[in-house]
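Listed below are the residues making up each chain.
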Amino acid sequence: HSVCCSHYVRNTLIAAKAVPAETSVLQGGTDPAPFLAAAAERQPAADRRLRLLYFGRLVFDKGVHTILDALAILKDQVDLSRLRLTILGSGHPDYEASLHSFVQQHQLADCVDFISQVHRSDVPKYLGQHDVYLFSSIWAEPMARSVMEAMAAKLLVIGSEVGGQMEMLQNGVNSLTFSAGDAEGLARQIALSLADPELRVRLATAGQALVLSDFTLDRMVDRIEAWLGAVANAA
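Residues numbered from 1 in each chain as written. Predicted model: local features only at pLDDT ≥ 70, side-chain atom pairs only at ≥ 80, totals over all residues. Heavy atoms only, no water.

Caption draft 1: Summary view of a negative patch on the surface. Where like charges cluster on the molecular surface, the negative patch consists of D31, D218, D222 and E225. In this structure, D222 sits in helix α9 (residues 217-234). Look at D222 and you get partly exposed, because its relative accessible area is 49%. (Patch = residues over 30% accessible without salt bridge, like charges linked within 9 Å, V, L, I, M, F, W, Y side chains within 5 Å. Areas by Shrake-Rupley, 256 points an atom, 1.4 Å probe, with all protein chains shown as cover. Salt bridge = Lys/Arg side-chain N within 4 Å of Asp/Glu carboxyl O. Lys, Arg positive; Asp, Glu negative; His and termini not counted. Charge placed at Lys NZ, Arg CZ, Asp CG, Glu CD. Helix = DSSP H or I, 4+ residues; strand = E, 2+ residues; numbered from the N terminus. Buried < 20%, exposed > 50% of the residue type's maximum accessible area, 1.4 Å probe, protein only.)

Caption draft 2: Up close: the pattern of salt bridges. One pass over the full model with this rule turns up six salt bridges. As a salt-bridge pair, R51 and D131 come within 2.9 Å of each other at their nearest N and O atoms. Linking R51 in strand β3 (residues 50-55) with D131 in the loop between α5 (123-127) and β6 (132-135), this pair joins segments that are 80 residues apart in sequence. For R51, a relative accessible area of 13% corresponds to the buried category. In this structure, R145 engages E149 in a salt bridge whose closest nitrogen and oxygen atoms are separated by 3.4 Å. With R145 and E149 both in helix α6 (residues 145-152), this residue pair falls four residues apart, about one helical turn. Each member of the salt-bridge network shares a partner with another, and the members are R120, R145 and E149.

Caption draft 3: How the structure looks around the pairing of strand β4 (residues 83-88). Within β4, five of the six residues are buried, which leaves the element mostly enclosed by the surrounding structure. The pairing of β3 with β4 spans six bridges and is parallel. Its bridge partner being in β4, R51 is matched across the sheet by R84. Once you follow β3 into helix α3 (residues 64-74) and on to β4, the crossover reads as right-handed. (Pairing = 2+ DSSP bridges. Right-handed = clockwise from strand over helix to strand, strands pointing away.)

Caption draft 4: Representation of the sheet that holds β6. What the six strands build is an open sheet, ordered β5-β4-β3-β6-β7-β8; its pairing is parallel. The sheet is open, and its two borders are formed by β5 (112-115) and β8 (176-178), each paired with just one other strand. With strand direction ignored, the average angle separating the axes of adjacent strands in the sheet is 20 degrees. Pairing geometry for β6 and strand β7 (residues 156-160), over four bridges, is parallel. Directly across from F135, in β7, lies its bridge partner G159. (Axes fitted to C-alpha atoms, helices over the stretch in contact; angles between N-to-C directions.)

Caption draft 5: Highlighting the packing of α3 against helix α7 (residues 183-195). Between α3 and α7, whose axes approach to 8 Å, the crossing angle comes to 65 degrees. When the axes of α3 and α7 are compared, the pair comes out roughly perpendicular. Considering only the axes of α3 and α7, their crossing is right-handed. Here T66, I67, D69, A70, I73 and L74 of α3 come into contact with α7, specifically with A183, E184, L186, A187, I190 and A191. Counted by class, the contact of α3 with α7 contains nine nonpolar, one polar and two charged residues. (Parallel < 35°, antiparallel > 145°, perpendicular 65-115°, else oblique. Left-handed = near helix turned anticlockwise from the far one by under 90°. Contact = heavy atoms within 4.5 Å. Nonpolar A, V, L, I, M, F, W, Y, C, P; charged D, E, K, R; others polar.)

The following block contains the structure:
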C-alpha cells in the first residue's frame, strides 16, 4: 500500500515505476485556529506600506533570490517606499550572505528586513503583521505547508508554479502565480497586488476559504483514518 502527499508526487513516482498505479493521495493540512486569530487581529500598516513576507529556510532551492531580483526590477517601476519585505528564517550561511550582499548592492536596505529563525509558535504572529506571502521555490515542492498557513492567515499568496503547489494555487482565483525563477513575472504580480487592494483582499479571502474547506488538520486526519480503514478492511 502506497500513499503520496500530492497528485504531482504520485504521478512522478508512478512514471518512474517507483510506486504502483493504484497509489493513493492524501494531501496535508494545518490547524487553522492560530492563523485565523492572526488574521482577525491584522491592522493596516501605520506607514501604509504593502507588507510582503517570506518565511522558511534560506537555501537556493527556495528561490529567495528571485524575490530580491523582483524588488530590484520594481525599483525602476514603482515607489519602493510603498513596499516592505520581511525575510524570516535562516539557512546556508553562504546563501544568506549573498542575499544580504544583493540588498546592499542594489540599495534595497530601506525596504528589506531580515529576521533570523523564530520559534514555531511565533509564526502566526508574523503572518498577522503582513499582507502578502511570497512563495518563491524553484524546485518541485510536493506540497508546502507554509502556503496553507499563509492562506489560513488571509494573506494573498503570490506563488511559483511548481510541483504539487499547483493543486492549491489558481492564478486570479485564490492567488497570483508566476513561473519559477521568473523575477519579472513576480515583479508584475507584486505590482498588481500593490495597485489593486480589492483584488488582493478577494484573492486572500478565497485562499482562506480553500484551506478551511480542503486543507485543515482535522480533514487530513479524517482522510488518513479512512485510508487506513480501507487498507485494514482489504487485508
